[in-house]
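Residue-level structural notes
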Amino acid sequence: MQIVDFPLLQASLNSNKVVSSYHYGQPGSGLKVYIQAGLHADEHPGMLVAHYLRLALQQEEAAGNLQGEVILVPLANPLGLDQKILGYLLGRFEQGSGQNFNRYYTDLAALVAGRVESKLGKDAEANVVLIRAAMLEALAELQPENELDSLRLRLQSLACDADILLDLHCDLEAALHLYIHSEQIKQGHELAQHLGCEVTLYAEAGNGQPFDEAHSGPWANLATRFPKAAIPMACFAATVELRGQTDVSSGQAKADAEAILNYLRAKGVLKGQPEAASKVREPKPLAAVEVTKAPSAGLVDFLVQPGQWVSPGQPLLRVINPLGGAETELCSSIEGIVYARNRQRYAHTGMELMFVSGEEPIRSGHLLSP
């Protein structure tokens with residue numbers, strides 16, 4: 001194992017921050033896997049999972065069981081971890097710009113298209129090598145303008161040539177769920193089976209170029225741009241939502257880490273026979289999610305739990321005005337699984353409160369929360 005501490009561009013004097021990455025195995029010896037946690041710095045379940053992955057990967061490497069390369073970044077966002085205001089950690093948005101830490105990553109397809117256009121051919125494997133080399137070269141030439149740019153550039157430079165990318169997140173209160181690219185439904189279902197995940201949501205693009213899409217999307221975009229060339233979906237990228245923000249426990253984290261290790265065994269990255277995968281629900285369109293929003297301000301009384309199956313007309317929650325006593329009951333209009341809900345119990349008008357994954361698309365445009 002090699003530990004690399006990469007210094008970020010300093011925002012102020014004596015404000016040194018680093019991104020620490022743990023490197024296992026030998027580059028080029030097999031599949032490359034990139035795993036990071038804590039990109040939203042107030043989402044901690046993945047950080048604990050990464051802790052147990054780090055210990056396990058050390059043992060696997062020492063035992064000679066690693067047949068590929070794994071890069072693990074247990075704390076992907078030192079900037080967000082330093083944003084404590086009035087006793088609360090604010091890790092989703094960068095204070096200076098207001099930007100979501102998981103948005104606005106470099107469009108790698110646009111970055112390399114001109115570099116590779118004249119060299120692409122019918123050999124898919126050769127094209128993958130060419131495109132990945134161009135990505136690494138182009139990213140190395142970029143000059144970050146600020147601390148946030150520096151963080152984004154470092155993470156992309158570590159991940160852009162990965163075969164498998166797992167970005168560990170969590171929701172507010174939620175069941176385990178995944179986000180994947182619409183061209184990788186089969187691969188996403190395989191990961192979901194190993195994790196025991198009932199909700200997998202796919203889209204061609206959510207909004208704002210989040211980290212996973214910034215690495216799976218370029219392959220689809222380049223294939224569309226250059227239809228005569230053989231360009232596969234060479235990076236399988238998934239955002240893994242490890243339940244809710246308060247679901248931080250060693251028992252659950254060890255189980256999640258072992259599930260990821262089992263998945264890596266199934267992919268041939270680790271030696272050993274993988275355990276049988278679970279039967280889980282097939283991936284569904286992100287556009288088929290019904291988002292329940294507060295029609296007015298008030299206290300929120302949730303009537304169903306994350307992971308619960310609901311039917312059309314079933315009450316999901318009530319919004320209660322403690323001043324006038326008005327109660328507004330909100331019901332599901334679709335059949336599906338409640339996979340996430342808000343943690344806050346006081347809603348402002350228009351606040352997103354609950355998410356139900358259904359079968360048929362009912363939304364378009366921006367599909368992810370800001």
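What you see is a predicted model; the values in this text were computed from it and never measured.

Parameters at a glance
- Residues numbered from 1 in each chain as written.
- Predicted model: local features only at pLDDT ≥ 70, side-chain atom pairs only at ≥ 80, totals over all residues.
- Heavy atoms only, no water.
- Helix = DSSP H or I, 4+ residues; strand = E, 2+ residues; numbered from the N terminus.
- Rg over C-alpha atoms; globule rule 2.2 N^0.38 Å.
- Buried < 20%, exposed > 50% of the residue type's maximum accessible area, 1.4 Å probe, protein only.
- Contact = heavy atoms within 4.5 Å.
- Lys, Arg positive; Asp, Glu negative; His and termini not counted.
- Charge placed at Lys NZ, Arg CZ, Asp CG, Glu CD.
- Axes fitted to C-alpha atoms, helices over the stretch in contact; angles between N-to-C directions.
- Parallel < 35°, antiparallel > 145°, perpendicular 65-115°, else oblique.
- Left-handed = near helix turned anticlockwise from the far one by under 90°.
- Nonpolar A, V, L, I, M, F, W, Y, C, P; charged D, E, K, R; others polar.
- Patch = residues over 30% accessible without salt bridge, like charges linked within 9 Å, V, L, I, M, F, W, Y side chains within 5 Å.
- Areas by Shrake-Rupley, 256 points an atom, 1.4 Å probe, with all protein chains shown as cover.
- Salt bridge = Lys/Arg side-chain N within 4 Å of Asp/Glu carboxyl O.
- Core = buried A, V, L, I, M, F, W, Y, C linked by side-chain atoms within 4.5 Å.
- Pairing = 2+ DSSP bridges.
- 1 Å grid on protein atoms, 1.4 Å probe; cavity = no way out; pocket = protein on both sides within 12 Å on 5 of 7 lines; lining within 4 Å.
- Points joined across faces, edges and corners; volume = space filled by probe spheres on them.
- Phe/Tyr/Trp six-rings, centres within 6.5 Å; stacked < 30°, edge-to-face > 60°.
- Lys NZ or Arg CZ within 6 Å of the ring centre and 35° of its normal.

Brief notes about the overall build of the protein chain
Helix and strand content of the protein chain: eight helices and 20 strands. Its C-alpha atoms give the protein chain a radius of gyration of 21 Å, within 12% of the compact-globule value 21 Å for 370 residues. In terms of overall dimensions, the protein chain has C-alpha extents of about 65 × 50 × 45 Å along its principal axes. In the protein chain, which comprises 370 residues, the share counted as buried stands at 51%. Excluding contacts between residues fewer than 6 apart, the proportion of contacts in the protein chain whose partners are at least 24 apart in sequence is 72%. Averaging the locations of the 29 positively and 42 negatively charged side chains of the protein chain gives two centres separated by 1 Å.

Overview of the packing of helix 1 (residues 45-62) against helix 8 (residues 250-266)
Between two packed helices, what matters for the description is the angle formed by their axes and the separation of those axes. Contact geometry of helix 1 with helix 8 gives a least axis separation of 8 Å together with a crossing angle of 50 degrees. Here helix 8 runs oblique to helix 1, going by the angle between their axes. As for how helix 1 packs across helix 8, the hand of that crossing is right-handed. Residue-level contacts link Leu 48, Val 49, Tyr 52, Leu 53, Ala 56, Leu 57 and Glu 60 of helix 1 to Ser 250, Ala 253, Lys 254, Asp 256, Ala 257, Ile 260, Leu 261 and Arg 265 of helix 8. Residues belonging to the contact of helix 1 with helix 8 are distributed by class as follows: ten nonpolar, one polar and four charged.

Looking at a nonpolar patch on the surface
Taken together, the side chains of Ile 85, Leu 86, Tyr 88 and Leu 90 present a nonpolar region at the surface, about 460 Å² in accessible area. With respect to the helices and strands, Leu 86 occurs in the loop between strand 5 (84-85) and strand 6 (88-89).

Description of the nonpolar core
With 41 residues, the main nonpolar core has Tyr 34 and Leu 155 as its most contacted residues. Those elements giving two or more residues to this core turn out to be strand 4 (69-73), helix 3 (108-116), helix 4 (124-141), helix 5 (147-159) and helix 7 (213-225). Apart from residues no more than four positions distant in its own chain, Leu 155 is found in contact with Val 19, Tyr 34, Gln 36, Leu 39, Val 73, Ala 76, Tyr 105 and Phe 211. Counting residues in each nonpolar core, the second largest holds 39 residues, with Leu 66, Leu 191, Ala 257 and Ile 260 among its members.

Observations regarding the sheet that holds strand 16 (residues 315-320)
Pairing in this open sheet of four strands is antiparallel, and the strands run 17-16-14-19 from one edge to the other. The open sheet is flanked by strand 17 (327-331) and strand 19 (346-347), the only strands paired with a single partner. Examined bridge by bridge, strand 16 and strand 17 share five bridges and lie antiparallel to one another. Residue pairing in the sheet places Ile 320 in a bridge with Glu 327 of strand 17.

Points about empty space enclosed by the protein
This model, assessed by the stated rule, comprises one cavity of 30 Å³ or more. Volume-wise, the largest cavity comes out at about 50 Å³. Taken together, Pro 45, Leu 48, Val 49, Leu 242, Arg 243, Asp 247, Val 248, Ser 249, Gln 252, Ala 253 and Asp 256 make up the lining of the largest cavity. Counting residues per element, the ones that place at least two in the lining of the largest cavity are helix 1, strand 11 (236-244) and helix 8.

Let's talk about the packing of aromatic side chains
For the structure on display, the rule yields three aromatic pairs. Where Tyr 105 meets Phe 211, the ring centres are 5.1 Å apart and the plane angle is 85 degrees; that geometry is what we call edge-to-face. Remark: Phe 211 occurs in the loop between strand 10 (199-203) and helix 7 and Tyr 105 occurs in the loop between strand 6 and helix 3; sequence separation between them is 106 residues. The same class applies to Tyr 105 and to Phe 211, which are both buried. Relative to Phe 355, the ring of Tyr 339 has its centre 6.0 Å away and its plane inclined at 45 degrees; by these criteria the two rings are tilted. Highlighted residues: Tyr 339 in strand 18 (residues 336-341) and Phe 355 in strand 20 (residues 352-357), separated in sequence by 16 residues. Just as Tyr 339 is buried, Phe 355 falls in that class too. One aromatic cluster is present, formed by Tyr 34, Tyr 105 and Phe 211 through successive ring pairs. Positioned over the ring face of Tyr 105 is Arg 152, at 5.8 Å from the centre of the ring.

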